[in-house]
Each structure stands twice: as C-alpha cells, then as structure tokens.
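# Close look at the chain arrangement
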Amino acid sequence: MTADPSAGGPQRLLVLSADMGGGHEATATALEQAAAGVWPGVEIQRLDTLDVMGPGVGRLFRRIYVDNVEHTPWLYEFFYAQLWRRAWFADASKRFTGSWTGRRLVDRIDRFDPDLIVSTYPLGSAGLAWLHRHRGLQRPTAAYVSDIAPHPFWIHGGLGVNFVVHDAALALARACDPAAVVEVCALPVQAAFHPGSRSDARHRLGLEADALVALVSCGAYAFGDVMQTVRTLLEASDRVQVVAACGRNTDTRARLEGMGVPAHRLRVLGWTDQMPTLVRAADIVVSNAGGAIALEAIASGRPLVMFRPIAAHGEANADLLVVAGLAELCTDEEQLGAYVQAAVRGRGALRELGQRAGELAGQRSRGDSLRRAASARPPHRSGRRWRVRSSDAFFLHADTPLRVQEVGGVLELDHAVGRGLTVEDVRATIGPRVAGLPILRRRLVRSRRPGWDMTGAADLATHITAVEATDGADAACDDYWSETLPPDGYPWGVRLVQSPQEGRTLLLVKTHHVLGDGISLIGLLDRLLDAAPGDPLDERRPAPGAAEHRSGLGGIRHGLRQGRLVAQGLGSLAARTFGRWAVIESPQSARRLVATATVEQARVRAVASACDRRTHEVVIAVVAHALAATLTQAGLVDGTLPLRAMIPVARRAPRLDRVFGNWTAAVTVDLSLAPMGFRERLDEVAGQLRARARHGEPQGAYVAMSVLGHLPARVAPLAARTIYTGSFFSTIVSYMPAARGDRWFAGARVGSICPVVPLADRVPVTAGAVVQDGVVGFGIVLDDALRARGIDRAAVSRAVTDAVREAELEVRQ
C-alpha cells in the first residue's frame, strides 16, 4: 500500500530521534504510528541523530549523560541553568551542535528525499534549523518536545513549528527562542496508552486485584534511588503492591530482586513491551524524570507522582506538571509515604488527578499536529539553495550539446486498457504524486555552485505530453530521447505514446542524471505506479542491515577495511587506464536510436542456475554477446580488442527505498568481441566482475567521482568531460532490479520496463536491463549516426533474444 497522493499528504516522512534514554524513541514511535494512520502507506525512515553525528558519538554522549545525572548532578544542573541564564551560551551551543549535525544530515536527507521531517531529539532539531539557515533546506520541519517542560536546546526559531504538549509550556518555549513558532499538540504517545479497565489489566498481568498498585518507572536508565523509592512505598502500607520497571538498569533490577520481597508485594521488571498494560493496571505511577512515562501515564488517565526528581530537566518537568495540575510532587520519603497512606484510606484525590489527566489526553488528536507539520515552512528564508551533491553535479559537468545525460525508461503498458489513456489521464495520475515527491519539485539553478530550488512546481502541460505514433512506437521513442528536457529547470519529463496500428501503448519517463542514477530512477518510477492491493512493498524498505551503523572498535575496523578497499580500487582503476580497448569510431549526433527487447526472467535464471552464475552476470553476458554480434557484423570493430564496459554497481543491496541521487559506483570490465560460445563469455564476464569487486573498484570509483564533483567550478566541467568519455571506456552496461509484483499505471498493467542509459562523448552505444515482475527488459541506446554504418534497430533487438536462445541451447547440451 502506498500513500494516497490525492490526499495531499506526504509520501515520505523522515523522523530524527536518538537512543538517549527511551523518551525520544518512544515519541518517534508514536509519531510514526500516527503518521501511518493519517497518511496510509506513507514511507517512513527513522535516523538516530547520534549515529548520524559519527561513529562512537552515541556511546560517548550516553556515557556523559548517565555519569552526569548519577554522579555529578551539580554539573548537569549548572549546564542546564546556563542555557537559561546566558542566551549567548545557548545560542553558541545550538549553533555548534546544529552545524555538526546538519552537515552530517545532508547526505541522509538527499538519500531518502523526504517531503516532511520531524525531530524528537534536540540535536536533530538543531541540525534541521542550521540546514534551513545555511543550506537552503526547504522541506517542512517540526520539532516535538518529548518532555512537558521545554528548555532552550529544544526550541528553534529556524524550524517550521515547535510542538509542546500543554498550554502551560507555551510561555517557557517562547522564552527559549522568541522567534520560534510554538504550538500545542496532542500527547505524543503510542495509541496503546489510553484509559481502560484497571481490573482487566491486572488480570492479564497477574497483579493483586484489591491492592493499591504503584508503578515505579524512572526511565530507561532507572536514575535515582529506586531502591529507596520502593522501600518507602512498601513501608507505607501492607496493602500496596509495587511494580518496579527498571528499564536497561540491570544492577538496580538485581538489587531489587535480591530484597527477597514476595511477588504479591513487589514485581521487578527489566525492559518490557507491556508498559501500556502496566500503566493501566496502576493506581498510581511514580517517576523522578517526567519524560515519556509521565506523558504515558497522563494519556492513560492515571495519577502521576513525581518523587525526588532528578536534576535539571527532571525538576523542571516536575514543577510544570504540578502547575498544570497533572501531578503531585513529593520531595522526600515522608511526603511520599503519607501520600500513599492517604490514597490507601481513600482514592478520591487519585481519581481527581486521573480525571484531569484523562481530560487533557482527549483534547487533541495526534494526527492534527502532523497535518500542521506537513505545511510548516521555516518562518525566515535564508536565500540559499540546497546544494547539488558532488556526485550528482558530476553529470551536469559531463553534459555536452550532443551528449545530454538523461536517463529513463520505456514502460510497455497493456494496450487493451492503455489505448484509452489520454494526456489528461497521465497528468491526473502523476500530478498529485508530484506534491509528495520532492524529486519532481526540484528546480535546478545552474550557477557557479549549482543548487536546488523547491519553492515552485513544474508546469504539467510542459513536462507531461502525448503523441500518436504515426511512424510507429519505436520511432516515437527515438524522437523523445532525441529531444532535451524543457528549459525551465525541472529536469524530468513524461510522454504517452499511442500506436493504434501496432496495438502498443508506451509510457516514456526520463530525468536528467543530476536527479539520480538508474536505481533512483527505478525507485521513482515505482512511486508513479500503483501496486496490487495487499502488496507488502518489501522492496521499498531498506535491505536488512543497510542502515546499520558501526561504532566503536567495530566502526574503526570497518573504516580501515573500507579505506584499504578505496586505495586498492583507485590503484586498480589507475592501472587499467593503460590498457587497450576498442573505440567505436563514428560521427556524433543528437539523435538516438532506442532498441528494446524483453525476455522472461525465468529463462535467464535457468541459465544462471545451470552455469552456477548470478542473474546479473548472465544479463551482462547477454548484452556482451549481442553487442559483439552487432558491432562486428556492422564492421564497427574487428574483434581483436575488447569493449571496455563501465558497469554501475550498487554500494549496498539494490532496493527501491530511494528515489533521488547518484549513489552507485562502477567497475570496468573488458567485454571480448572475439567469436566464442555463450558459456565461455559468461565465465569471462563473471570472473572479471568478481575480481574488480575484490580489488575495491566500486569504492575507488565512488570516491573518485565525489572528488571530481568537488573540484573548482572552472575545473570540474573540464575534468568530467575528459574522464567521462571514450578515452576511458567504450560503453556502459547497467543492470537494475525493479518491483517483484505487478504494477499499473492509470489502470493499465505495466508489462515491462526497458532502461535508457545516456551516451557519453565518443561512446555511441550503451545498454541496460531492468527486471520487473518476472520480465527482463533490455534497452540498447545508439547514436543515430550508426544507422549509416549498417546498424538496424530490429537486428539489435534480435541479437539480444538470440543470445538468450544460444545460452539455453548451450546449457542443455
């Protein structure tokens, strides 16, 4: 299920949180849950801000936080007080952390390309505010304060909106940053925290039905003297049953279990997923921090008692909770014991406190704040533009008048339905999706430092067109890829091709390479299509482990291994520039010849299985076999030298979770043009692919392209046009997996996707293959000038299918 574009909400939500206690993550989970309800099918990615800041940062910051709260609370209190007393100190701290975090977030934002970003962690919020001011971030942003009491690190005037959870917090929040937009939102807790039957919850948990159940929860780290808190509650009355949730604090849990108190008086728990039921089962919730557990107790309509709150934010939360009438404050054991004894004698005060909590919980909807966040633009525009990444800018520099770097796909639609489509249908289908796909709202501003402007929108009448193919669908396809994109700066286009005489309907989609590589394009295409109902869209989720962050010694070892691979790869690439390969000599023109062919994926897999090779190796060998036959027959090469093929390689498992940016690297493989059997060619191709990967060529090529993108503005175009040419390779061969399930466009089923890989200077032929729903679609792009040398589109298409048949014959022998 995908986000409904007609609903006008975001299709991709980025959540910044942090593993610092449990409150920030709990708020993030609540927002993700609410977003899925407000915008069904929305794609959500969560980033741990501390991991983004660098290897080991999370561990270091958590250690500092825990040590300060437990051992040097006076230092923690001093820092917290200075944030309030010294505005310059708060501003300097926010600028420093914002610059640090913001710079590290740029690539993550580009990779996911969200159309809404929310933060539940102060350093994440600081990074977003810095990006608004210094990098021209134009996405809606919002910060959610996961405590009831905000502090200066929480609130940022550079964000679209800052949310607090109670009217009593508004004045504090506005004092933090008078320029900030601050509003009140619903309690950001998961839907599982709600008022409910206390007796049913106790029955499920096996708690005493007639006892006064006191839930003690002091956060993920169980700060403070939890032992003394539990003793005070137990000593207050023998009718009290204490449930102690110790979170990750195994020492505290062990000490409590060592007290030897029977289970009908004391239940000790570690980290648990039963907190919603535990809160509902409680007569009273006791805490010393006032973070997530306080909000969860209020949302569940349960009385909250703050006992000996921890320094700084714990004391601030306690004070504001009392002012708001949502908690009682007990500063010592005598007060807590007396309060519990009074509660045992009569529950009137507890009921009143719980009633006020329940009233607040029902006042607002979590979905309302998310809808507000989706429209929240920063109050002040910086005048800056979001920079074009160096890896993306490379393809701007590689442009020449006859070799514009435009990638795309030829989608063959079911003509039985597709023949009724009009250009208005295409615009009506794609138009609403544009609002939820920032990649289609990016307007390229060419300057010394190219940037993106996302304040406007492309004219659909200009970018979405239709033709009736009087000379055939293939000729109409050639025409489209012989044209350049509209000059208004929005680097994408779509064309509907109807060919009634042939019974064909094509949808042609192209973007400039600056928007993304082939994998990003396939991800974008998938967002423009409709999936079958119930399709889990697993391929749109990051591959397992793809977002895993290595820290500590593991991170250092990984970095060293990657550095060694980069060095090896750069050396391998440099050494291979001295080799010899075939150069396809031909005049250059702006016209293109696009040959397509389709083959059932099962046939390719059968060949791969029989030869003990991988599917992509068979596909590349098929292309090599077809090119060898075509080019030698036309007399363009004599077969003595190989074609030097640049083959894009994903730096992680290729998935459809990204839609923007050039993130692939490349290896170079020499495709022999000498006569040989398919199996021999396959072994040669597979051997080279694996050797190049072992030598680190993908890592080396990615670094080299990044460096080229960072060259001075006067030098970068010259470097790109020197390297990205026939002087360094003969052709490009690309392989990309697309969706595994059926896809439709405006009701017409997509039968296949054939990629269109752009030519480069003195590179008159490229090839690609896309696997879509059991069909391998091949696309061979040629300079139309090759037609004069005897190249025929039909012959190129036949060469591909002939190569597959030859492979099948060989493996059967």
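Parameters at a glance
Residues numbered from 1 in each chain as written. Predicted model: local features only at pLDDT ≥ 70, side-chain atom pairs only at ≥ 80, totals over all residues. Heavy atoms only, no water. Helix = DSSP H or I, 4+ residues; strand = E, 2+ residues; numbered from the N terminus. Contact = heavy atoms within 4.5 Å. Phe/Tyr/Trp six-rings, centres within 6.5 Å; stacked < 30°, edge-to-face > 60°. Buried < 20%, exposed > 50% of the residue type's maximum accessible area, 1.4 Å probe, protein only. Lys NZ or Arg CZ within 6 Å of the ring centre and 35° of its normal. Pairing = 2+ DSSP bridges. Axes fitted to C-alpha atoms, helices over the stretch in contact; angles between N-to-C directions. Core = buried A, V, L, I, M, F, W, Y, C linked by side-chain atoms within 4.5 Å. Expected span 1.5 Å × (residues − 1). Polar contact = N/O pair within 3.5 Å; in protein donor to acceptor, adjacent residues only side chain to side chain. pLDDT = per-residue confidence, 0-100.

What follows is about the side chain of Ser369. Relative to the helices and strands, Ser369 resides in helix α16 (residues 366–374). Look past the residues within four positions of Ser369 in its chain and what remains in contact with it is Tyr144, Phe163 and Cys185.

Our next topic: the packing of aromatic side chains. As enumerated under the stated definition, the model contains 12 aromatic pairs in all. On the basis of an interplanar angle of 80° and a centroid distance of 5.9 Å, the ring pair of Trp88 and Phe89 is categorised as edge-to-face. Overall, Phe89 belongs to the partly exposed group, its relative accessible area being 23%. Put simply, the rings of Phe79, Trp88, Phe89 and Phe153 pair up and form one aromatic cluster. In this structure, Arg111 packs its charged tip against the face of Trp663, placed 3.8 Å from the ring centre. Seen from the ring of Trp663, Arg389 lies directly overhead, with NZ or CZ sitting 3.7 Å from the centre.

This part is about the environment of Ala416. Mapped onto the fold, Ala416 is located in helix α18 (residues 415–418). As for Ala416 and Ser365, which are separated by 51 residues in sequence, their C-alpha atoms are 46 Å apart.

Time to look at the sheet that holds strand β1 (residues 12–17). Ordered in space as β2-β1-β3-β4-β5-β6, the 6 strands form an open sheet in which the pairing is parallel. A strand with exactly one partner marks an edge of an open sheet, and here the two such strands are β2 (43–48) and β6 (182–184). Strand-to-strand, the axes of this sheet are offset by a mean angle of 25°, without reference to chain direction. In this structure, strand β4 (residues 141–144) lies alongside strand β5 (residues 161–164), joined through 3 bridges in parallel fashion. Directly across from Ala143, in β5, lies its bridge partner Asn162.

Our focus in this paragraph is the pairing of strand β14 (residues 406–413). Two faces make up the sheet, and in a regular strand the side chains alternate between them. Across the 8 residues that make up β14, a large majority, 7, are buried. The sheet contact formed by β14 and strand β19 (residues 504–512) spans 8 bridges and is antiparallel. Within β19, the residue paired with Gly409 across the bridge is Val509.

What follows concerns the nonpolar core. Within the largest apolar cluster, 85 residues are counted, with the highest numbers of intra-cluster contacts made by Tyr144, Leu215 and Leu321. Broken down by element, the residue count for this core peaks at 6 residues, all from helix α12 (residues 292–299). Membership of the second largest hydrophobic core comes to 61 residues, among which are Ile109, Ala143, Ala458 and Ile753.

A word on helix α29 (residues 793–812). Under the 1.5 Å per step criterion, the end-to-end length of α29 is 30 Å for 20 residues, consistent within 8% with the ideal 28 Å. For α29, the full list of buried residues reads Arg793, Val796, Ser797, Ala799, Val800, Ala803, Val804, Ala807 and Glu808. Where α29 is buried, its residues meet α21 (473–482), β21 (592–600), α24 (601–611), α25 (615–633), α26 (678–694) and β28 (775–783).

Here the focus is the side chain of Ser99. By the secondary structure assignment, Ser99 is in helix α5 (residues 87–112). Under the relative-accessibility criterion, Ser99 is labelled buried at 16%. Only 2.9 Å separates the side chain of Ser99 from the side chain of Arg103, close enough to count as a polar contact.

The next thing to look at is the confidence of the model for the protein. Taken as a whole, the protein shows an average pLDDT of 89; of its residues, 95% reach a score of 70 or greater. Per-element averaging of pLDDT across the protein places helix α23 (residues 552–576) at the bottom with 73 and strand β18 (residues 492–499) at the top with 98.

Below, the discussion takes up the environment of Thr615. Following the sequence through the fold, Thr615 ends up in helix α25. Setting aside anything within four residues of it in sequence, one finds Thr615 in contact with Val604, Arg605, Ala608 and Tyr735.

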